[in-house]
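Architecture and fold: a report
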Amino acid sequence: MCGIGGLLTVNQYQGNLENIIQRIQTGLKHRGPDDAGIYISKERQAAFAHTRLSILDLSPAGHQPMSTADGRYWITFNGEIYNFQQLRQNLISQGEQFHSQTDTEVILKLYQKSGFDCVHYLRGMFAFAIWDDWEKTCFVARDALGIKPLYYWQSGSTLVFASELRAIVASGLPSVNLSVEGLYGYLVTGSVPEPHTLIADVHCLAAGHWLYWQGENTTKKQYWQINFTPEQISPLEAQERVRTALVDSIQHHFISDVPVGIFLSGGIDSTAILALAAQTQNKKLNTYSIAFAEEEWNEGEIAEKVANLFSTKHTEYKVTASFAKELFPKFLTAIDQPSIDGFNTFCVSKVAHENGMKVVLSGLGGDEVFGGYQSFQKVPQMVSWSKRLHALPFISKSLGMGLSDWGNSPRMKRLGDFLKETPSFASAYRSFRGIFSHQEACAIIEQLIGEKFVCQQQLDIHNFSPKDAVSFLELSCYMRNQLLKDGDVMSMNWGLELRVPFVDKNLIETVAVIPTNIRLSRGKELLVKAVTELPDWVVNRPKKGFYFPFQSWMSSEFGHYFDNQNIPSNICLKSWYRRWSLAILKYWCEQIKV
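Residues numbered from 1 in each chain as written. Predicted model: local features only at pLDDT ≥ 70, side-chain atom pairs only at ≥ 80, totals over all residues. Heavy atoms only, no water.

**Examining the overall build of the chain**
On a plain count of helices and strands, the chain comes out with 23 helices and 17 strands. A globule of 594 residues ought to have a C-alpha radius of gyration of about 25 Å, and the chain, at 24 Å, matches this closely. By its C-alpha atoms, the chain is 70 × 55 × 50 Å across when sized along the principal axes. When the 594 residues of the chain are sorted by exposure, 62% land in the buried category. Counting contacts in the chain only where the partners sit at least 6 residues apart, residues at least 24 apart contribute 73% of the total. With an accessible surface of roughly 23300 Å², the chain has 49% of that area assigned to carbon and sulfur atoms. Each charge class in the chain was averaged separately, 56 positive and 59 negative side chains, and the resulting centres sit 3 Å apart. (Helix = DSSP H or I, 4+ residues; strand = E, 2+ residues; numbered from the N terminus. Rg over C-alpha atoms; globule rule 2.2 N^0.38 Å. Buried < 20%, exposed > 50% of the residue type's maximum accessible area, 1.4 Å probe, protein only. Contact = heavy atoms within 4.5 Å. Areas by Shrake-Rupley, 256 points an atom, 1.4 Å probe, with all protein chains shown as cover. Lys, Arg positive; Asp, Glu negative; His and termini not counted. Charge placed at Lys NZ, Arg CZ, Asp CG, Glu CD.)

**Concerning the sheet that holds strand S15 (residues 313-319)**
Within a sheet, adjacent strands bond to each other through the backbone by hydrogen bonds, running parallel or antiparallel. With respect to topology, five strands assemble into an open sheet ordered S15-S14-S13-S16-S17, the strand pairing being parallel. Each of the sheet's edge strands pairs with one partner strand only, and the pair in question is S15 and strand S17 (497-499). Strand-to-strand twist of the sheet, defined as the mean angle between neighbouring strand axes without regard to direction, takes the value 30°. For strand S14 (residues 286-292) and S15, the ladder comprises seven bridges, and the chain directions are parallel. Note on S15: the bridge partner recorded for Ala291 is Lys318. Across the face of the sheet, helix H10 (residues 343-354) comes into contact with strand S13 (260-263), S14, S15 and strand S16 (359-361) while running at roughly 130° to S14. (Pairing = 2+ DSSP bridges. Axes fitted to C-alpha atoms, helices over the stretch in contact; angles between N-to-C directions.)

**Section: the pattern of salt bridges**
Within the structure shown, the criterion is met by 30 salt bridges. Between Arg72 and Glu135 there is a salt bridge, and its shortest N-O distance comes to 3.9 Å. Of the two residues, Arg72 is situated in the loop between strand S4 (66-67) and strand S5 (73-81) and Glu135 in the loop between strand S6 (124-132) and strand S7 (137-142); the sequence distance between them amounts to 63 residues. For Arg72, a relative accessible area of 16% gives the class buried. The partner of Glu237 in a salt bridge is Arg241, with the nearest N and O atoms 3.0 Å apart. Placement of both Glu237 and Arg241 in helix H6 (residues 235-253) is noted, with a separation of four residues, approximately one turn of the helix. Because the salt bridges share partners, they merge into one network encompassing Arg31, Lys148, Glu164, Arg166, Asp336 and Asp488. (Salt bridge = Lys/Arg side-chain N within 4 Å of Asp/Glu carboxyl O.)

**Some points on the nonpolar core**
Ranked by internal contacts, the top residues of the largest apolar core, which has 108 residues, are Val119, Phe126, Phe128 and Phe139. Formed by 80 residues, the second largest nonpolar core is a distinct cluster that contains Ile335, Ile444, Val489 and Phe562. (Core = buried A, V, L, I, M, F, W, Y, C linked by side-chain atoms within 4.5 Å.)

**Observations regarding the environment of Asp468**
Mapped onto the secondary structure, Asp468 falls in helix H17 (residues 466-492). Overall, the relative accessible area of 4% leaves Asp468 in the buried class. Residues within four places of Asp468 in sequence aside, it is in contact with Phe228, Thr516, Arg519 and Leu520. For Asp468, the side chain forms a polar contact with the side chain of Arg519, separated by 2.4 Å. (Polar contact = N/O pair within 3.5 Å; in protein donor to acceptor, adjacent residues only side chain to side chain.)

**Considerations on a nonpolar patch on the surface**
Residues Leu392, Phe394 and Ile395 make up a contiguous nonpolar surface patch of about 350 Å² in total accessible area. In this fold, Leu392 is placed in the loop between helix H12 (375-389) and helix H13 (393-406). (Patch = residues over 30% accessible without salt bridge, like charges linked within 9 Å, V, L, I, M, F, W, Y side chains within 5 Å.)

**What about unusual backbone geometry?**
A cis amide bond, omega -5°, links Gln64 with the succeeding residue Pro65. Residue position: Pro65 is located in the loop between strand S3 (46-52) and S4. A cis amide bond links Glu194 with the next residue in sequence, Pro195, at an omega value of 5°. The backbone of Tyr13 shows a phi angle near 65°, a positive value even though the residue is not glycine. Here Tyr13 shows up in the loop between strand S1 (2-8) and helix H1 (17-26). By relative accessible area, which is 28% here, Tyr13 ends up partly exposed. Not every positive phi belongs to a glycine, and Arg44 is a case in point at roughly 60°.

This is the structure we're talking about:
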């Protein structure tokens, strides 16, 4: 896991390449405390930066940017390729020679042999750029599910890319203005939706896409998309497939030359990972969790009970309001883009880091794949109800307008937005998961930057079944835009690599063909039956998210962080997540000087 950045250009900035690429590298230093490198091509059309967190081949042979022996291809790479050993052996059998034990060199040799198709062979999480010094072209790619971020800014023939938005800004090349589309997306959903960012003209390379730079010409292409096409599979066969795929994923995610720990909440997903890891690993496992003094939020006891069941070396840290207040300024400086989440991962990553960990596994993704959220029931119900109501369009729109204008709660206002639109899973999902209503978001934007927002972007969710549509939306929106982004930035702030065995392309391709009524049955029944080691006292507990007692903290210890919001006075801020989203946005804008 590392930080990558680069500058590609034809006839600009040649005299200032060193300064620009060093600024980009400095913006990524926290992502790679073990090593750093810079490459500038002979004709000064490409400059790469890299900061390294050493996980595989800890020797200097893993230094990046890395090149082929003839100096033609250069790579800067962030991520982990879990099947690199198999790919390496295949390439050796075809006559290739290797000078390191890294997955980086495998990608480089694979691109040399297969070109753009190299991405189809890679299993893991990645963002990388490969410069061809003979052809003067650059291939940039991001993993299928968007676990690793990659941002870019382009003007004419010049393209800047990096692992974090602030490294793009640090280059000094883009104008730093708020993106209206990105800001709207953030206010409505609580995170910035791909491919937008909060900076105008800076974009996120979408998951499962590659980009090919040829000076004035840039090509983008999607190379992978999730496909829910059910096959005839019995419940028993589905359980066997899930178990086999999950064991395989966990084994691959333990590939490392440094110790690997596990984040443990005591919920079904993290317990399932621990249960199968305990069977596949022949060493004592390290688990990490956080607890709270507030009993309503405290899951420390259940996590400790799970750890004892599987005989792990368990570390728990009790987070108090005073500790959170002390840590909060450090959290603010760690933010790359604001979201309504992230502080939880920031805290538990600190615990793992201070106990010597460099790699941890997380249960992130289990709810999205196996139907663990209420959205899997509520969103289809909303769509069905709205379709019946739209048989009387005047009543539906009138009710929608009334609720969006006069609704006495944030939820009612968002429901009004939904009823005014043609019924769709995307609009129902946005209403269910939303933060501010459309009208509220537009009013806040006009107050902040003096512009009106007039259009909305609808997601294409193909011809999926109702619950598959929700699964697609959860994977493409909440997981990708919020959970994965926050997980990457907050773990990397502590020099920690976060791995997510549920968010594995091979696992998801295996599970996606299981009929919806089996895969997304209530209570994550398929996952529970596949992992028979799960104790009843974990399975039968009411579902609780990995949340903090923010509401009470805002009213006491560090409420002053959430005062003085410069928004229209008629917008309700009683819900903690609304105050949080605006406060985080405010501090981010001050930090980025937008």
